[in-house]
Amino acid sequence: MRIYRLENVIQPYAWGSKTAIAELLGLPGPHDVPQAELWMGTHPKGPSMVRVGAKRVPLYQLIEQNPMVMLGADSVRRFGAVLPYLFKVLAADQPLSIQAHPSKQEAIDGFARENQAGIALDATDRNYRDDNHKPEIICALTPFWALNGFRPAADAVRLMEPVCPDDLKPAFKRLKDNGVDGLNPFFKSMLTLSANERERASAQMLIKAKSLARQSPVYGWMVTLAEWYPADMGILSPALLNLIRLSPRQAMYLPAGQLHAYLDGVGIELMANSDNVLRGGLTPKHVDVPELLRVVRFGETTITPLDATPMETGECCYRCPAEEFSLSMIEVDPSRSYASPSARSIEILLCTEGKGRIAADTNDALSIKKGDSLVVPAALDRYTIDGYVTIYKASVPLPIQ
């Protein structure tokens, strides 16, 4: 039984950074193309590889060969013989799309429906790439800007009123008169304007937002979004959704159906093992308005950033209600080492700062430095970490005894 080093796929999406992931991994930069996400896991779109002797083996193959050893009995019982989470580094140099993720049942139904319709898995107009939901948590490595969940309706009305374009005035009146019950109609009206209406509305909004940009980051972000995505009504979203700035080491959780967008920054992202995304704006990609409206939860949301909570194990955990994953942070320096508990699930470790050593016993030690990632099988006995390192750990929550 041993700890394995991971070799991971980097997704080159257009909104990514040419420097952030390269800098984390200690690679020359800037990179020729944007590097948006580093994937650590078994998702078919980008499975990690491990070194077994002289061979490179996909992590999913190692799990399939011995799921009880790799995953642990509890994870196999609850989620089957598969890794239930996907661990990422996300590096956004430009805003990502406004989006939401389906619930588990919505994903099962949508995946089956699109399969029955004969839509290819890689088709550009496909909504459901798999049959899983995608709750997720994002933890900032740098200052991180995002939109997350609908504001209280009264706040949305106050912020929207100075910039609302003429073509949305009837829908805005319903929002103003009906409060939270007007969120769905207003958002639907935003997404269903004609091309000419979008051009006219975005031009009006931009003039008004520019005059207010110094008063509030809400309007500043509207101007920025309009520069990236002209004539896209998603540029109104900072007034409709909670605008969040996470400081490094702060996190936030996103349940199914919560409308959100990541705007700028580098973060650790952990989610159920899925790539299902329903988009609503700020994107040239496929937008399915009826399906998005069916999935989105139109309630008012208050977002409080999550700080890591110290645990008896010596690590700090970001508490969230997800069943498939848990995110924690381990810090080690010469005055304190880390000793893992013996009862564990499969763990993926990512070192984001420093260098040190991880050992299952005195005869099986691996060096670890910034940018390294490792997978620790559930059946491995206790391990220790020494040196001067910061490590983020993904795992499957164990049942409370």
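Look above for the structure.
Quantities reported herein were computed from a predicted structural model and do not represent experimental measurements.

Student: I keep staring at the overall build of the protein and nothing clicks. Help me out?
Tutor: The helix and strand tally for the protein stands at 12 helices and 21 strands. In terms of overall dimensions, the protein is globule-like: its C-alpha atoms have a radius of gyration of 22 Å, near the 21 Å expected for 401 residues. Taking the principal axes of its C-alpha atoms as reference, the protein extends roughly 70 × 50 × 45 Å. Within the protein, buried positions represent 55% of all 401 residues. Within the protein, contacts between residues at least 6 apart in sequence are counted, and of these 75% link residues at least 24 apart.

Student: Sorry, what's going on with helix α6 (residues 153–160) here?
Tutor: For α6, the set of buried residues is A153, A156, V157, L159 and M160. In this structure, the buried side of α6 is in contact with α7 (169–178), α8 (183–191), α10 (217–228) and α11 (237–240).

Student: Looking at this structure, I do not really get the pairing of strand β3 (residues 37–40). What am I missing?
Tutor: On a regular strand, one side chain projects to one face of the sheet and the next to the other, so that they alternate. On β3, burial covers both faces: E37 and W39 on one face and L38 and M40 on the other are all buried. In the sheet, strand β2 (residues 9–11) pairs with β3 via 3 bridges, with the strands oriented antiparallel. Bridging from a neighbouring strand, Q11 pairs with E37 of β3.

Student: Which parts of the structure should I look at to understand helix α5 (residues 104–116)?
Tutor: Owing to its 3.6 residues per turn, the α-helix brings residues three or four apart onto one side. A rise of 1.5 Å per residue sets the reference length of α5, with its 13 residues, at 18 Å; its end C-alpha atoms lie 18 Å apart and thus fit the reference within 8%. Here the buried face of α5 lies against α12 (289–295).

Student: Can you walk me through the packing of α7 against α8 in this structure?
Tutor: In helix packing, the relevant descriptors are the interaxial angle and the interaxial distance, both defined with respect to the helix axes. Close contact between α7 and α8 brings their axes to 8 Å; oriented N to C, the two are set at 165 degrees. Considering the angle they form, α7 stands roughly antiparallel to α8. At the point where α7 passes α8, the crossing takes the left-handed sense. Together, A171, F172, R174 and L175 of α7 and L183, P185, F186 and S189 of α8 make up the contact between the two elements. Of the residues assigned to the contact of α7 with α8, the class counts are 6 nonpolar, 1 polar and 1 charged.

The rules we used
Residues numbered from 1 in each chain as written. Predicted model: local features only at pLDDT ≥ 70, side-chain atom pairs only at ≥ 80, totals over all residues. Heavy atoms only, no water. Helix = DSSP H or I, 4+ residues; strand = E, 2+ residues; numbered from the N terminus. Rg over C-alpha atoms; globule rule 2.2 N^0.38 Å. Buried < 20%, exposed > 50% of the residue type's maximum accessible area, 1.4 Å probe, protein only. Contact = heavy atoms within 4.5 Å. Pairing = 2+ DSSP bridges. Expected span 1.5 Å × (residues − 1). Axes fitted to C-alpha atoms, helices over the stretch in contact; angles between N-to-C directions. Parallel < 35°, antiparallel > 145°, perpendicular 65-115°, else oblique. Left-handed = near helix turned anticlockwise from the far one by under 90°. Nonpolar A, V, L, I, M, F, W, Y, C, P; charged D, E, K, R; others polar.

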